Amino acid sequence: MSKNFLHKAQNTLLIAALLALFGTLTVSAQGPAPTDDEVNAIAKQLFCPVCESTPLDVCPTEACRQWRELIREMLADGKSEAEIKQYFVEHFGAQVLNEPPNKFASYAVPVAAFLIGAFLLFRGFQMWLKPVKADTALEGGSGLPESEAKPIPQDDYIARLEEEVKKQK
Amino acid sequence: MIAQFGFGVLVVSFLVALYSVFAAIYGEYKKSPSLVESARRAMLLTWPLLTLTAGVLIYLLVNNHYEVQFVYEVTSRSMPTYLKVTAWWGGQAGSLLFWSWLMSAFTSLVTLRKWDRDREFLPWVIVVSGVTMSFFIGMNLFFENPFAQLYQTFEGIGPHTFQPADSILFTPQDGQGLNPLLRHPGMVIHPPMLYLGFVSFVIPYAFALAALITGRTDDRWIRLTRRWALWAWLFLSFGLVLGGRWAYDVLGWGGYWGWDPVEIAAFMPWLTGTAFLHSVMIQEKRGMFKHWNMLLIILTYSLVIFGTFLTRSGVLSSVHAFAESAIGPLFFTFIGLTLITSVALLIYRWDSLRSETTMTSMLSREALFLLNNLLFMSILIVCFWGVIYPLISELFSGQKITVGPPFYERATGPLFAALMLLMGIAPLSAWGHSTVKTLGRAIWKPAVIAVIITVALFFTYTKNAIALTGFFLVALVILVTVYEYWRGANARQKSQGENIFTAFWNLTGRNRRRYGGYIIHISMMLMAIGILGIELFQVETQGRVAVGESLNLANYTVEYREIASWDDSPKGVNFTRAVVDIYENGVYLGELHPRKDFYFESQQSMTIPGQYATLRDDLYILLIDWEPASVEGATFKIYVNPLVNWLWLGSLLFLVGIVIAAWAEKDPERVTVRAGRRIQQTSAADD
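For the structure given in this document, a descriptive report is provided here. Quantities reported herein were computed from a predicted structural model and do not represent experimental measurements. (Residues numbered from 1 in each chain as written. Chains lettered and ligands numbered in written order. Predicted model: local features only at pLDDT ≥ 70, side-chain atom pairs only at ≥ 80, totals over all residues. Heavy atoms only, no water.)

A look at the overall build of chain A
Part 1 of the reasoning: Looking only at helices and strands, chain A has six helices and zero strands in total.
Part 2 of the reasoning: Order of helices (α) and strands (β) in chain A, N terminus to C terminus: α-α-α-α-α-α.
Part 3 of the reasoning: By the burial criterion, 26% of the 169 residues in chain A qualify as buried.
Part 4 of the reasoning: Taking the contacts inside chain A whose residues are at least 6 apart along the sequence as the reference set, 45% of them involve residues at least 24 apart.
Part 5 of the reasoning: Carbon and sulfur atoms make up 63% of the accessible area of chain A, which totals about 11,300 Å². (Helix = DSSP H or I, 4+ residues; strand = E, 2+ residues; numbered from the N terminus. Buried < 20%, exposed > 50% of the residue type's maximum accessible area, 1.4 Å probe, protein only. Contact = heavy atoms within 4.5 Å. Areas by Shrake-Rupley, 256 points an atom, 1.4 Å probe, with all protein chains shown as cover.)

Focus on the overall build of chain B
Part 1 of the reasoning: Looking only at helices and strands, chain B has 21 helices and 13 strands in total.
Part 2 of the reasoning: Among the 687 residues that make up chain B, the fraction classed as buried is 58%.
Part 3 of the reasoning: Excluding contacts between residues fewer than 6 apart, the proportion of contacts in chain B whose partners are at least 24 apart in sequence is 70%.
Part 4 of the reasoning: Summed over all atoms, the accessible surface of chain B reaches about 28,300 Å², with 64% contributed by carbon and sulfur.

Thoughts on the sheet that holds strand β2 (residues 156–160) of chain B
Strand pairing in a sheet relies on backbone hydrogen bonds. The paired strands run either parallel or antiparallel.
Part 1 of the reasoning: The antiparallel open sheet is built from three strands, whose spatial order is β2-β1-β3 (chain B). Because the sheet does not close on itself, it has two edges, and the strands there are β2 and β3 (168–169) of chain B. (Pairing = 2+ DSSP bridges.)

Quick notes on the sheet that holds strand β11 (residues 610–613) of chain B
All names here are of chain B.
Part 1 of the reasoning: The four strands lie next to each other as β4-β13-β12-β11, forming an open sheet whose pairing is antiparallel. Of all the strands in the sheet, the pair left with one neighbour each is β4 (539–545) and β11. Mean inter-strand twist for the sheet, computed between neighbouring axes without regard to direction, equals 15°.
Part 2 of the reasoning: The pairing of strand β12 (residues 617–626) with strand β13 (residues 634–642) spans nine bridges and is antiparallel. By the bridge assignment for β13, aspartate 625 is matched with threonine 635. (Axes fitted to C-alpha atoms, helices over the stretch in contact; angles between N-to-C directions.)

Digging into the nonpolar core
Residue and element names in this part refer to chain B.
Part 1 of the reasoning: By size, the foremost hydrophobic cluster in this structure holds 182 residues, and its most contacted members are Trp99, Phe121, Phe207, Trp221, Phe267, Trp270 and Phe331.
Part 2 of the reasoning: Of the residues forming this core, the biggest block, 16 residues, is contributed by helix α14 (residues 365–397).
Part 3 of the reasoning: Not counting chain neighbours up to four residues away, the residues in contact with phenylalanine 267 comprise Leu240, Trp257, Trp259, Ile379, Cys383 and Phe416.
Part 4 of the reasoning: If you look at the next biggest cluster of nonpolar residues, it comprises 17 residues, including Tyr556, Val558, Ile621 and Leu623. (Core = buried A, V, L, I, M, F, W, Y, C linked by side-chain atoms within 4.5 Å.)

Brief notes about the pairing of β13(B)
Residues and elements named next belong to chain B.
Part 1 of the reasoning: The element β13 is extensively covered by neighbouring structure, given that nine of its nine residues are classed as buried.
Part 2 of the reasoning: The alternating pattern of β13 places Ala634, Phe636, Ile638, Val640 and Pro642 on one face and Thr635, Lys637, Tyr639 and Asn641 on the opposite face, and all of these are buried.
Part 3 of the reasoning: Pairing of β4 with β13, which is carried by seven bridges, proceeds in the antiparallel orientation. Bridge pairing in β13 links arginine 544 to threonine 635.

Some words on the packing of aromatic side chains
Residue and element names in this part refer to chain B.
Part 1 of the reasoning: Taken as a whole and assessed by the stated rule, the structure comprises 54 aromatic pairs over all chains.
Part 2 of the reasoning: Ring centres 6.4 Å apart and planes at 40° place the aromatic pair tyrosine 26 and tyrosine 29 in the tilted group. Taken together, the residues span about one helical turn, with tyrosine 26 and tyrosine 29 both in helix α1 (residues 2–29) at a distance of three residues.
Part 3 of the reasoning: Taking relative accessible area as the criterion, tyrosine 26 reaches 45% and is therefore assigned partly exposed. (Phe/Tyr/Trp six-rings, centres within 6.5 Å; stacked < 30°, edge-to-face > 60°.)

Concerning the packing of helix α19 (residues 512–537) of chain B against helix α20 (residues 644–662) of chain B
Residue and element names in this part refer to chain B.
Part 1 of the reasoning: Between α19 and α20, whose axes approach to 7 Å, the crossing angle comes to 165°. In this view, α19 runs roughly antiparallel relative to α20, as classed from their interaxial angle. In terms of crossing hand, the pair formed by α19 and α20 is left-handed.
Part 2 of the reasoning: Residue composition of the contact of α19 with α20, grouped by class: 17 nonpolar, seven polar and two charged. (Parallel < 35°, antiparallel > 145°, perpendicular 65-115°, else oblique. Left-handed = near helix turned anticlockwise from the far one by under 90°. Nonpolar A, V, L, I, M, F, W, Y, C, P; charged D, E, K, R; others polar.)

A short note on the environment of B:Phe238
Residues and elements named next belong to chain B.
Part 1 of the reasoning: With respect to the helices and strands, the residue phenylalanine 238 is situated in helix α9 (residues 220–250).
Part 2 of the reasoning: Placed 42 residues apart in sequence, phenylalanine 238 and leucine 196 show a C-alpha to C-alpha distance of 10.0 Å.
Part 3 of the reasoning: Those residues in contact with phenylalanine 238 that lie beyond four places of it in its chain are Met193 and Leu655.

Some points on the side chain of B:Ser104
Part 1 of the reasoning: With respect to the helices and strands, B:Ser104 occurs in helix α5 (residues 92–112).
Part 2 of the reasoning: When neighbours within four sequence positions are excluded, B:Ser104 is seen to be in contact with B:Thr46, B:Trp47, B:Leu50 and B:Met133.

A closer look at helix α16 (residues 436–460) of chain B
Residue and element names in this part refer to chain B.
Part 1 of the reasoning: The end-to-end C-alpha distance of α16 is 33 Å, a good match for the 36 Å that 25 residues give at a rise of 1.5 Å each.
Part 2 of the reasoning: The sharpest bend along α16 reaches about 45° and sits at isoleucine 443, with the proline proline 446 one to four residues further on.
Part 3 of the reasoning: For α16, every residue scored as buried is listed here: Leu439, Ala442, Ile443, Pro446, Ala447, Ala450 and Thr454.
Part 4 of the reasoning: Contacts from the buried residues of α16 go to α15 (405–425) and α17 (465–496). (Expected span 1.5 Å × (residues − 1). Bend = angle between axes of the 7 residues up to and from the residue.)

Digging into the pattern of salt bridges
Residues and elements named next belong to chain B.
Part 1 of the reasoning: Enumeration according to the criterion identifies 31 salt bridges over all chains in this entry.
Part 2 of the reasoning: The partner of glutamate 484 in a salt bridge is arginine 514, with the nearest N and O atoms 3.4 Å apart. One end of the pair, glutamate 484, is in helix α17; the other, arginine 514, is in helix α19, and 30 residues separate them in sequence.
Part 3 of the reasoning: The exposure class of glutamate 484 is buried, given its relative accessible area of 6%.
Part 4 of the reasoning: Assessed through its relative accessible area of 32%, arginine 514 is described here as partly exposed.
Part 5 of the reasoning: Across the salt bridge formed by arginine 616 and aspartate 617, the nearest N and O atoms sit 3.4 Å from each other.
Part 6 of the reasoning: You can call arginine 616 partly exposed: its relative accessible area is 40%.
Part 7 of the reasoning: Classification of aspartate 617 by relative accessible area gives buried; the value is 8%.
Part 8 of the reasoning: Each member of the salt-bridge network shares a partner with another, and the members are Arg113, Asp118, Glu120, Arg216 and Arg220. (Salt bridge = Lys/Arg side-chain N within 4 Å of Asp/Glu carboxyl O.)

Structure (structure tokens):
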């Protein structure tokens, strides 16, 4: 019984010593407490889970202040930026990230729209330029054919007015 | 009683607006000028009626009629009178009424003009404006009544338009007061400016639809509404700039633009409006892209309504909030119906809108303007997608997401850079035809100087590639524009014998739209300097310091001297103001007073930064937290925002440019008429 007790005590002491050593190592790994700037660098990439369109680093609510303190504690615990962001996503949903998780979907639509627009414009240029090339080739010039220059736009009223003025001359 | 009177006048306004719509349609159908004239007069009557309605609401706001729900929600006894008046647009119901009132003012102005030459447009302009106005008045009447009063019933206290049975009027002692963030002068002016911009764009749209309906699809509708579009653009731009300045001064995050959906809602019509202003010039000069111009103004109108819908329907907070809101689905239906009708009309008139000429060169000014339109539309798609993607995601996958600044900055950055490049090239290209050779000859001198400036910046200011590209483009655009200006003035100097200043003045006066546009280009580049500075070089730090301790950032040192806190009971505010001394490289610059105002009624606080502004940068200090009765000290957040004041400087020049561009030029038609009269008089004298 006493032998068993001693054995148990030895094991307990060993575990305690290991824990103490691990604890010391952890504390030394933590270094100084995270600064406000380190906290804000991560908070800036997150949005307040309750307010609309407010980044977490500048949100003035008490809840957000506490979430910033949570980031500080997690940093002090040695958590990485990715782990902290993942924690917030797990607890509050993907809306806390300042970018959609599926980046492809978010960029694909505008890029595709731009490419389609550029293609249509290119095709348009090809279509518009063709007949003129023939004209200019015939004329041997490169300028705007006189016949295509739009006259100073005037409507019927002005045309009538000018006609009358001419008659009165 | 007064509230009910206001509601009654609102009902009459609604009926009169509806009458004008039906009278105009029926008058046109029956070819009855007297009915159309009656519609016009009815439209004119809406403005005094809505002014009276607004007057009643202002009376209630100023005289603390807290039995009226809207008054209770947006004012309080401690608010000064001017804020009580401006609280009119501080809440949903009031702002919708404000929209209708502005709309009626603009429509009245339009209907007051002489219509002799454009008689066929009149009924349809009345119809389009009248339908839009009726929709907004209807919103007020049926869903967001600003005159609803609080009644106590057995079920509790609630707003009602008419007194329910067995109820008594409930009058709270005081109101909730306006959101403190909306009490800033910038926010007092910002919404009216945006609304003015929104509403002014309805007029060109009304003329465009009138042109489509009547089949008079020549340039007339563009010429009639050119100035409207420019003024609309001025108001919208001014509204956006004021919003940016308000955010910078009040929101306490060291920035001016957060790519918030509400900001984007106002930015989208600005984008299509800007594309339209460029594109109409192609139609005027070359008779091309008539379909495109129609589409742009239809889009601008739809985006104006969409912007109002985004901010008023609750759709931004959640699609479920939208579904539950009374006005959300109605707005959505209205946008859908107007868009479908407009596009259907455009398709119906497709053949009569064919271009009169064809494109002759890919480097001609019209081709470059078309590229400019492609870029504006691409930015629009980025913005539109960024706003609706979270809604689509929530609707289809149930996952709420946020599309924040990184997406917009990455997606729009290259597009804005391309736009800047176009701004540098397009003024040098000619209508009809330009070649690489002609453009190269015109651009090489400004380009070489821009390269020299960029190299100098590389050695003295930054090695950041994005910044250097941006600064090169800024330098190129400014130099090209100034060069163009100088060439014009120089030519005048030689031909007219004017001194250089007179030549500049006369040059601008002779072609206000062109040279106003050049000033706008230069102002945009000044704004670009500010944007590049703050986006690429902003630095920040936050720290807690005791009295006498300091924080360092860039070349600045901020030393905490003292803090004081006091209540201003009449205003219902607690002020906490810190005093900090600021030094640059050890040289004392002065003291700043970052403060935090806490409003008792709304339990909201406002962070007012202490700012030290120079053209080089802006030292921006926020008081974040403090310990009033201990030596623990206070927490400050400090930003150094390089070059940001160029943004505000550019904004001022921008307004000057638009005013010049929009200022009434001598109407060529009137000149023709006057010339005609002169000829007549001379002929008579000769006879």
